[in-house]
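What the coordinates show
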Amino acid sequence: MMMQSLGNIAEHIISNSQRNHSLADVFLKWEEIVGKQLALISEPYKIVEVSAGKILILKIKQGCAIELQHESLTIISLINKYFKETPFTAIRVIQN
């Protein structure tokens, strides 16, 4: 009986840890989150907290600003899917 309880507790902890991603994952797992194509032209630079939420600042390759602006909703969607919540309210870009 004690083993079953410990097993249930361990399963619960593992299950929760797999769901609860850290914001550091944005930096550590960028390619996994947004895909290879977007990761080739962008990388997370900084997270800025404002009254309306968090803004993800992306550093992008020269000449990719327009492309990335068009993909910003896709990027937010991919991040939300990964985190299973909405950690960022907006994305801003700076060029390399």
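As the structure is a prediction and not an experimental result, all values here were calculated from the model. (Residues numbered from 1 in each chain as written. Predicted model: local features only at pLDDT ≥ 70, side-chain atom pairs only at ≥ 80, totals over all residues. Heavy atoms only, no water.)

A look at the overall build of the protein
Worth spelling out the cut-off: The way it works is that DSSP assigns letters per residue, a run of H or I at least four long becomes a helix, a run of E at least two long becomes a strand, and they are numbered from the N terminus. Exposure categories follow from relative accessible area, calculated using a 1.4 Å probe and restricted to protein chains: below 20% of the type maximum is buried, above 50% is exposed, and the middle band is partly exposed. Residues count as neighbours in contact if any of their non-hydrogen atoms are within 4.5 Å of one another. Areas reported as accessible are Shrake-Rupley estimates using a 1.4 Å probe. Residue values count occlusion only from the protein chains shown.
Of the regular secondary structure elements, the protein holds five helices and three strands. Here the protein, with 96 residues, has 29% of them falling under the buried criterion. Residue pairs at least 24 apart in sequence account for 56% of intrachain contacts in the protein once pairs closer than 6 positions are excluded. Of the accessible surface of the protein, which amounts to about 6700 Å², a share of 55% is contributed by carbon and sulfur atoms.

Quick look at the sheet that holds strand S2 (residues 53-60)
This is how it is decided: In this scheme, strands are said to pair when DSSP sees at least two bridges between them. Throughout, an axis means a line fitted to C-alpha atoms (over the contacting stretch in the case of helices), and angles, computed between N-to-C directions, take values from 0 to 180 degrees.
A sheet is described by the order of its strands in space; here three strands give the open sequence S1-S2-S3, paired in mixed fashion. Looking at strand neighbours, the two that pair on one side only are strand S1 (42-50) and strand S3 (90-95), the edges of this open sheet. Sheet twist, expressed as the average angle between the axes of neighbouring strands with direction ignored, equals 25°. In this sheet, S3 lies alongside S2 in parallel orientation, the contact comprising six bridges. In the sheet register, Ile 55 faces S3, and the bridge partner there is Ala 90. Helix H5 (residues 65-83) contacts S1, S2 and S3 of the sheet and is inclined by roughly 145° relative to S3.

Considering the pattern of salt bridges
What counts is decided by this rule: One speaks of a salt bridge when a side-chain nitrogen belonging to Lys or Arg is within 4 Å of a carboxyl oxygen belonging to Asp or Glu.
Taken as a whole, this structure holds one salt bridge when the rule is applied. For Glu 49, the salt bridge goes to Lys 54, with nearest N and O atoms at 4.0 Å.

Topic: the environment of Glu 32
Positionally, Glu 32 belongs in helix H3 (residues 30-34). Judged by its relative accessible area of 58%, Glu 32 is exposed. Placed 46 residues apart in sequence, Glu 32 and Leu 78 show a C-alpha to C-alpha distance of 9.8 Å.

Brief notes about H5
Threshold: For a helix, the expected span equals 1.5 Å multiplied by the residue count minus one. Given a residue, its bend is the angle between the two axes fitted to the seven residues that end at it and to the seven that start from it.
Taking 1.5 Å of rise per residue, the 19 residues of H5 would be expected to cover 27 Å, and the 25 Å separating its terminal C-alpha atoms lies within 8% of that figure. In H5, a bend of some 50° at Glu 71 exceeds every other bend along the element. Turning to H5, its buried residues are Leu 68, Ser 72, Ile 75, Ile 76, Ile 79, Asn 80, Tyr 82 and Phe 83. Directly beyond the C-terminal end of H5, a positive phi value near 60° is found at Lys 84.

Quick look at the side chain of Asp 25
Which entries qualify depends on this criterion: Residues scored as charged are limited to Lys and Arg (positive) and Asp and Glu (negative), so that His and the chain ends carry no count.
Tracing the chain through its elements places Asp 25 in helix H2 (residues 25-28). Lys 29 is the oppositely charged side chain nearest to the buried, salt-bridge-free Asp 25, at an N-O distance of 4.3 Å. Apart from the residues lying within four places of it in its own chain, the contact partners of Asp 25 are Trp 30, Ile 33, Tyr 82 and Phe 83.

Notes on the confidence of the model for the protein
If pLDDT is low for a region, its predicted coordinates should not be looked at in detail. Test applied: A score from 0 to 100, pLDDT tells how confident the predictor is in each residue.
Averaged over every residue, the pLDDT of the protein is 83; the share at 70 or more is 79%. At the low end of the mean pLDDT range in the protein sits helix H1 (residues 2-19), at 52; at the high end sits H3, at 96. Considering only residues more than four positions removed or in separate chains, one finds that residues 14-18, a stretch of pLDDT under 50, has zero contacts.

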